[in-house]
Amino acid sequence: MLNIRKERTKEPKMKPDYSNLGFGRYFTDHMFLMNYNKDLGWYDPRIVPYAPLSLDPSCMVFHYAQEMFEGLKAYYTPDGKIQLFRPDKNAERMQNTNERLCIPQISKEDFIQAISETVMFDKDWIPKEIGTSLYIRPFIIATDPQLGVHPSKTYIFCIILSPVAAYYAEGINPVKIFIERDYVRAVKGGTGFAKVGGNYASSLKGQEKAEKYGYSQVLWLDGIERKYIDEVGAMNVFFVIGDEVVTPSLADGSILPGVTRASCIELLRSKGYKVTERKLSVEELYAAYDRGELKEAFGTGTAAVISPIGSLDDENKKAVINDGKIGPISQMLYDTLTGIQWGVIPDPFGWTRVIG
Ligand code: COI
């Protein structure tokens, strides 16, 4: 259990226009900080006024990217409660990422306590408008001021909060996806399963290319055979083929184990859908499309929730899915998940955690 010291800002900021939030543009009045060194372990947990961090330019994070992050959201329910969605899943993934990046562990309980107390300290920043929430961004950076390549001995754990609306400008409207054949985001044995900034840095080039051709996002293929589907944009991906819902399996470790991904699988199975986690090649997908069996495709993620895919194009082939409209399964998943998250429908899974 952390004993968190708290200092309230003397200069609260103006709140943004909650009807035009976008994603990740505004930050609340406070942030959580905690330091690590070898002697003290994690020490001095504190909530302080939001401010720039002052770091030595030689800090290891700037050079070798020893850093991790998480993403989750807090919601205001119509009866005035504040809740998180499956923070235990983020805590579990945080530990798996730390393990991969040689970052000292934080207990799941301390991680969730730090998030909950920081959200409650800035609770007047949680937006109430339909489709909005408070995005929570915990991250850890390596701060040893030296240039040798080895795990840092000092770290900062920070949590910042951002009132947000939809992640993609398209919102729940279907997006156009381009299949990326040259660049990959992760490979087996690498850090694909971990939530590290480097994975996102290596995705930028493909994303830039897709945007140049008029697409919103990239469909990432496996890094070895360049044949099997991994992810879409910064999300996990699902396809409805005949009566089967298929999502790439996590077995190779190149795919992020998304909380929304896991929730969609559980939700679909609870409603009697056949969900398969397996390898899926572009070839198989296009063959299903040609037979008229590719009914829906969608990305899943905390930031975007469900992002339907309206078309999936390669250099030589274009596949318009469900006439470019949102399909019934995507709509059901979006309505059910956001309904549970915003507390407007019951949560039979026990996924929500009321913190205030
Ligand atoms: C999330 O969905 O929370 C993510 O971390 C993706 C990020 C690119 C916003």
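These numbers come from a predicted model, not from an experiment.

**A closer look at the overall build of the chain**
In step 1: Secondary structure assignment for the chain yields 8 helices and 18 strands.
In step 2: Rg of the C-alpha trace for the chain: 21 Å, near the compact-globule value of 21 Å for 356 residues, within the 12% margin.
In step 3: If one aligns the C-alpha atoms of the chain with their principal axes, the spans along those axes are about 60 × 50 × 35 Å.
In step 4: The buried share of the chain, taken over its 356 residues, is 54%.

**Let's talk about helix H3 (residues 108–121)**
In step 1: The first and last C-alpha atoms of H3 sit 20 Å apart over 14 residues, in line with the 20 Å expected at 1.5 Å per residue.
In step 2: Counting buried residues along H3, 10 of its 14 residues qualify, which places the element largely inside the surrounding structure.
In step 3: Within H3 the residues assigned to the buried category are Asp 110, Phe 111, Ile 112, Gln 113, Ala 114, Ile 115, Ser 116, Thr 118, Val 119 and Phe 121.

**Looking at the site of the ligand**
In step 1: Around the ligand, the surrounding shell consists of Phe 69, Tyr 135, Arg 137, Tyr 167, Lys 195, Tyr 200, Ala 234, Gly 301, Thr 302 and Ala 303.
In step 2: One nitrogen or oxygen atom from the side chain of Tyr 135 is found 2.7 Å from an oxygen atom belonging to the ligand.
In step 3: A distance of 3.2 Å is found between an oxygen atom of the ligand and a backbone nitrogen or oxygen belonging to Thr 302.
In step 4: Protein chains bury 90% of the 280 Å² of accessible surface belonging to the ligand in isolation.
In step 5: The residue inventory of the shell around the ligand, partitioned by class, reads 6 nonpolar, 2 polar and 2 charged.
In step 6: Each of domain 1 (5–164) and domain 2 (175–341) accounts for three or more of the residues forming the shell around the ligand.

**Focus on the pairing of strand E12 (residues 236–241)**
In step 1: Extensive coverage of E12 is indicated by the burial of 6 of its 6 residues.
In step 2: Every second residue of E12 is oriented toward a common face, with Asn 236, Phe 238 and Val 240 on one face and Val 237, Phe 239 and Ile 241 on the other, all of them buried.
In step 3: Bridge count between E12 and strand E15 (residues 294–301): 6 bridges; the pairing is antiparallel. Paired with Ile 241 across the two strands is Leu 294, which belongs to E15.

**Here we look at the packing of aromatic side chains**
Here a ring pair, both rings aromatic, is described through the centre-centre distance and the interplanar angle of the planes.
In step 1: For the coordinates displayed, the defined rule picks out 14 aromatic pairs.
In step 2: Members of the aromatic cluster, joined through ring pairs, are Phe 32, Tyr 36, Trp 42, Phe 111, Tyr 155 and Phe 157.
In step 3: Directly above the ring of Tyr 50 sits Lys 13, whose terminal nitrogen or CZ lies 4.4 Å from the centroid.
In step 4: Between the NZ or CZ atom of Lys 317 and the centre of the ring of Tyr 286, over which it lies, the distance is 5.4 Å.

**Quick look at the packing of helix H2 (residues 87–101) against H3**
In step 1: Put simply, H2 and H3 touch, their axes get as near as 9 Å, and they point 125° apart. Accordingly, the angle class assigned to the pair H2 and H3 is oblique. Classified by chirality, the crossing of H3 by H2 is right-handed. Residues Pro 87, Asp 88, Asn 90, Ala 91, Glu 92, Met 94 and Gln 95 of H2 pack against Lys 108, Phe 111 and Ile 112 of H3.

**Structural notes on the pattern of salt bridges**
In step 1: Under the definition given, this model contains 22 salt bridges.
In step 2: A salt bridge links Arg 269 to Glu 277, with the nearest nitrogen and oxygen atoms 3.9 Å apart.
In step 3: The partly exposed category is assigned to Arg 269, whose relative accessible area is 42%.
In step 4: Given a relative accessible area of 35%, Glu 277 falls into the partly exposed group.
In step 5: One continuous salt-bridge network, built from bridges that share partners, spans Arg 5, Asp 44 and Arg 46.

**A closer look at the nonpolar core**
In step 1: Of all hydrophobic cores here, the largest spans 39 residues; its most connected members are Phe 32, Val 119, Ile 136 and Phe 157.
In step 2: Only strand E2 (30–37), strand E3 (41–49), strand E5 (72–76), strand E6 (82–85), H2, H3, strand E7 (133–142) and strand E8 (155–164) provide two or more residues apiece to this core.
In step 3: Discounting chain neighbours no more than four positions away, the residues touching Val 119 are Ala 74, Ile 82, Ile 126, Leu 134, Ile 136, Leu 161 and Ile 355.

Conventions adopted
Chains are numbered independently. Their residues run from 1 in the order of the written sequence. pLDDT decides what is reported in this predicted model: residues at 70 or higher carry local features, side-chain atom pairs at 80 or more are listed and counted, and totals for whole chains, interfaces and linings draw on all residues regardless. Each side-chain value is derived from all of the structure's non-hydrogen atoms; neither hydrogens nor water enter the calculation. Secondary structure elements are defined from DSSP: runs of H or I of at least 4 residues count as helices, runs of E of at least 2 residues count as strands, and each element is numbered from the N terminus. Computation of the radius of gyration draws on C-alpha atoms alone. For the globule rule, the value is 2.2 Å times the number of residues to the power 0.38. Categorising residues by exposure relies on relative accessible area from a 1.4 Å probe, with only protein chains included: less than 20% of the type maximum marks a residue as buried, more than 50% marks it as exposed, and the intermediate range marks it as partly exposed. In a helix, the anticipated span is given by 1.5 Å times the number of residues less one. Here a residue counts as near a molecule or strand whenever at least one of its heavy atoms sits within 4 Å of it. Each polar contact in these results corresponds to two N or O atoms within 3.5 Å; when the atoms are within protein, one needs to be able to donate a hydrogen and the other to accept it, and residues that are neighboring in sequence are counted only if both atoms are side-chain atoms. Areas reported here follow the Shrake-Rupley algorithm with a probe of radius 1.4 Å; residue values treat only the protein chains shown as occluding. Amino acids are sorted into nonpolar (Ala, Val, Leu, Ile, Met, Phe, Trp, Tyr, Cys and Pro), charged (Asp, Glu, Lys and Arg) and polar (every other residue, Gly among them). Note that the domain bounds reflect an automated or database-derived domain assignment. Strands qualify as paired when DSSP identifies two bridges or more between them. Only the six-membered ring of Trp is used, alongside the rings of Phe and Tyr, when aromatic pairs are assigned; centres must lie within 6.5 Å, and planes under 30 degrees apart are stacked while those over 60 apart are edge-to-face, with the rest tilted. Criterion for a charge above a ring: Arg CZ or Lys NZ at most 6 Å from the ring centre, at most 35 degrees from the ring normal. Where helices are involved, their axes are fitted lines through C-alpha atoms of the stretch in contact, as for all axes, and angles between N-to-C directions lie from 0 to 180°. When an angle is under 35 degrees it counts as roughly parallel; over 145 it counts as roughly antiparallel; between 65 and 115 it counts as roughly perpendicular; any other value is oblique. By definition, turning the near helix anticlockwise from the far helix through less than a right angle yields a left-handed crossing, and turning it clockwise yields a right-handed one. It only takes one pair of heavy atoms within 4.5 Å for two residues to be counted as in contact. The rule for a salt bridge is simple: a side-chain nitrogen of Lys or Arg has to be within 4 Å of a carboxyl oxygen of Asp or Glu. By convention a nonpolar core is built from buried Ala, Val, Leu, Ile, Met, Phe, Trp, Tyr and Cys residues, the set being connected through side-chain atoms within 4.5 Å.

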